[in-house]
Amino acid sequence: MHPLIQRTALLVCFTLVATYAFVTFQGPHGIAALMEKRRQISALQEENATLAAENERLAVTVDALAKKPSAQKLKIRERLKLIQPGETQLMLPNETPASQPAK
């Protein structure tokens, strides 16, 4: 084969490979998409760790309530805002210092 044809063919092949690589890396499945996926994975792993810690905390709370009926009863009363006969409940207004009029 003629050396000029070999060089031209090699140059054309190299140009095609370089163009394909450029389009592939810049396309929708390229490096930018890969970096975004890694960021999403990192965020989801962090959220997963937070939720696992919250689950552990809630499991400890459930175990404590299961072992102590008095604590369970108190928690129910707090959540439902129940009072027993003979008890008096005081309801105070929720005012913040910013909402009070200046004197």
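Residues numbered from 1 in each chain as written. Predicted model: local features only at pLDDT ≥ 70, side-chain atom pairs only at ≥ 80, totals over all residues. Heavy atoms only, no water.

## As for the overall build of the protein chain
Line of reasoning, step 1. When helices and strands are tallied, the protein chain shows three helices and zero strands.
Line of reasoning, step 2. Start at the N end of the protein chain and walk to the C end: the helices and strands fall as α-α-α.
Line of reasoning, step 3. The C-alpha atoms of the protein chain give 34 Å as radius of gyration, which overshoots the globular expectation for 103 residues (13 Å, by more than 25%).
Line of reasoning, step 4. Principal axes of the C-alpha set define a box for the protein chain whose edges measure 110 × 50 × 15 Å. (Helix = DSSP H or I, 4+ residues; strand = E, 2+ residues; numbered from the N terminus. Rg over C-alpha atoms; globule rule 2.2 N^0.38 Å.)

## Things to note about helix H3 (residues 69–80)
Line of reasoning, step 1. In a regular helix each residue adds 1.5 Å, so twelve residues correspond to 16 Å; H3 covers 16 Å between its end C-alpha atoms and thus fits that length.
Line of reasoning, step 2. Phi turns positive one or two residues past the end of H3, at Lys-81, with a value near 55 degrees. (Expected span 1.5 Å × (residues − 1).)

## Let's talk about a nonpolar patch on the surface
Line of reasoning, step 1. A contiguous nonpolar surface patch, about 320 Å² in accessible area, is contributed by Phe-25, Ile-31 and Met-35.
Line of reasoning, step 2. Mapped onto the secondary structure, Phe-25 falls in helix H1 (residues 3–26). (Patch = residues over 30% accessible without salt bridge, like charges linked within 9 Å, V, L, I, M, F, W, Y side chains within 5 Å. Areas by Shrake-Rupley, 256 points an atom, 1.4 Å probe, with all protein chains shown as cover. Salt bridge = Lys/Arg side-chain N within 4 Å of Asp/Glu carboxyl O.)

## Some thoughts on the confidence of the model for the protein chain
Line of reasoning, step 1. Counting all residues, the mean pLDDT for the protein chain is 85, and 91% of those residues have values of 70 or more.
Line of reasoning, step 2. Within the protein chain, the lowest mean pLDDT, 85, falls on H3, and the highest, 94, falls on helix H2 (residues 31–67). (pLDDT = per-residue confidence, 0-100.)

## Topic: the pattern of salt bridges
Line of reasoning, step 1. In the structure shown here, the tally under the stated rule is three salt bridges.
Line of reasoning, step 2. Note that Glu-36 is salt-bridged to Arg-39, the shortest N-O span being 2.6 Å. Of this pair, Glu-36 and Arg-39 both sit in helix H2, three residues apart, which is roughly one turn of the helix.
Line of reasoning, step 3. Residue Glu-36 is classed as partly exposed on the basis of its relative accessible area, which comes to 33%.
Line of reasoning, step 4. Classification of Arg-39 as partly exposed rests on a relative accessible area of 48%.
Line of reasoning, step 5. Residue Glu-87 is joined to Arg-77 by a salt bridge in which the shortest nitrogen-to-oxygen separation is 2.5 Å. Here Glu-87, found in the segment after H3, pairs with Arg-77, found in helix H3; they are ten residues apart in sequence, far enough to count as distant. (Buried < 20%, exposed > 50% of the residue type's maximum accessible area, 1.4 Å probe, protein only.)

## Details of the environment of Ala-18
Line of reasoning, step 1. Relative to the assigned elements, Ala-18 resides in helix H1.
Line of reasoning, step 2. Overall, the relative accessible area of 38% leaves Ala-18 in the partly exposed class.
Line of reasoning, step 3. Distance from Ala-18 to Ala-49, taken between C-alpha atoms, is 42 Å for residues 31 residues apart in sequence.

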